Structure formats: structure tokens, C-alpha cells
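# Examining the three-dimensional arrangement
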Amino acid sequence: MKTTRHKPTSCPECGYTLDSASSPAGFKPKPGDLAICIECYAVSQYGDELALHAFDTALLSPADAAEIRRHVEALQRSKQHA
Ligand SMILES: [Zn+2]
């Protein structure tokens, strides 16, 4: 798991302040990437300067939606064991 710090931004769904992104594959966040809130698990999208914006998950392909669900479930499991 690689974590990248970025300028603080708020989750568009719950308002939680997020200032880093973690990726099992080591990706660094860039504008256009999707993010999952560690607090409420809402999916949002990075815009300019890595500020998070609301994202409509209905735009996702079924395969991408399934992958997001897997990540959310993994996050929920890791939180339960924290
Ligand atoms: Zn949130």
C-alpha cells in the first residue's frame, strides 16, 4: 500500500477532510481519478489541484462499479479490524 499526501480537501458527501490517498497498486492521484472516502465510502473524483468533487456512480461501467464495490468492502473490513 502506497500513500500519497495532498492538499486537504473535503469529501463532497460527508465533509470529512481528506489529505492523502492510498493505493494498493502504488498509483498517485491525478485529476480525473476516482477516490473512495475512508469515512463514508462515497465515491468522488479528483479535479484540479486534487480537490474532490461529487461523482455519479451511475456513470461507471458494470465492471468498474464491481471493482469499486470490492475496494469499498476491503476498506470496511480493514476498518472493522483496526
Ligand atoms: Zn465521506
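Please refer to the structure higher up on the page.
Values in this document were obtained by computation on a predicted structure and should not be read as measured data. Per chain, residues are indexed from 1 in the order of the written sequence. For this predicted model, a pLDDT threshold of at least 70 governs which residues receive local features, and a threshold of 80 or more governs which side-chain atom pairs are given and counted, while totals over whole chains, interfaces and linings are taken from all residues.

### Some remarks on the overall build of the protein chain
What counts is decided by this rule: The secondary structure listing takes helices from DSSP runs of H or I that are at least 4 residues long and strands from runs of E that are at least 2 residues long, numbered from the N terminus. Only the C-alpha atoms count toward the radius of gyration. The rule for a globule is 2.2 Å times the residue count to the power 0.38. Counting other C-beta atoms within 10 Å of a residue's C-beta gives its exposure: the residue is buried at 20 or more, exposed at 12 or fewer, and partly exposed in between, where C-beta atoms are placed from the backbone.
What the protein chain contains, in helices and strands, is one helix and five strands. In summary, the protein chain has a C-alpha radius of gyration of 12 Å against a globular reference of 12 Å for 82 residues, a match within 12%. Each principal axis of the C-alpha distribution contributes one length, and for the protein chain these read about 30 × 30 × 25 Å. A burial count over the protein chain gives 11% of its 82 residues as buried.

### Focus on the sheet that holds strand β5 (residues 52–54)
What counts, and what does not: DSSP bridges decide pairing: two strands pair if at least two such bridges lie between them. Interaxial angles span 0 to 180 degrees and are taken between N-to-C directions of axes, which are lines fitted to C-alpha atoms, for helices over the stretch in contact.
Spatially, the three strands line up as an open sheet ordered β3-β4-β5, and their pairing is antiparallel. Where the open sheet ends on each side, the last strands, each with one partner, are β3 (34–36) and β5. Pairs of neighbouring strands in the sheet enclose a mean axial angle of 45 degrees, with direction left out of account. Sheet topology note: the strand β4 (residues 43–46)/β5 ladder contains three bridges and is antiparallel. Its bridge partner being in β5, Tyr-46 is matched across the sheet by Leu-52.

### Section: the nonpolar core
It is characteristic of soluble globular proteins that their nonpolar side chains tend to be buried jointly. Going by this rule: Here a nonpolar core is just a set of buried residues of the types Ala, Val, Leu, Ile, Met, Phe, Trp, Tyr and Cys, joined wherever their C-beta atoms sit within 7 Å. Contact between residues is assigned whenever the C-beta positions, reconstructed from backbone atoms, fall within 7 Å.
Grouped together as the largest cluster of nonpolar side chains are seven residues: Cys-11, Ala-21, Ala-35, Cys-37, Tyr-46, Leu-50 and Leu-52. Beyond its immediate stretch of four places on either side in the chain, Tyr-46 contacts Pro-29, Lys-30, Pro-31, Gly-32, Asp-33, Ala-35 and Leu-52.

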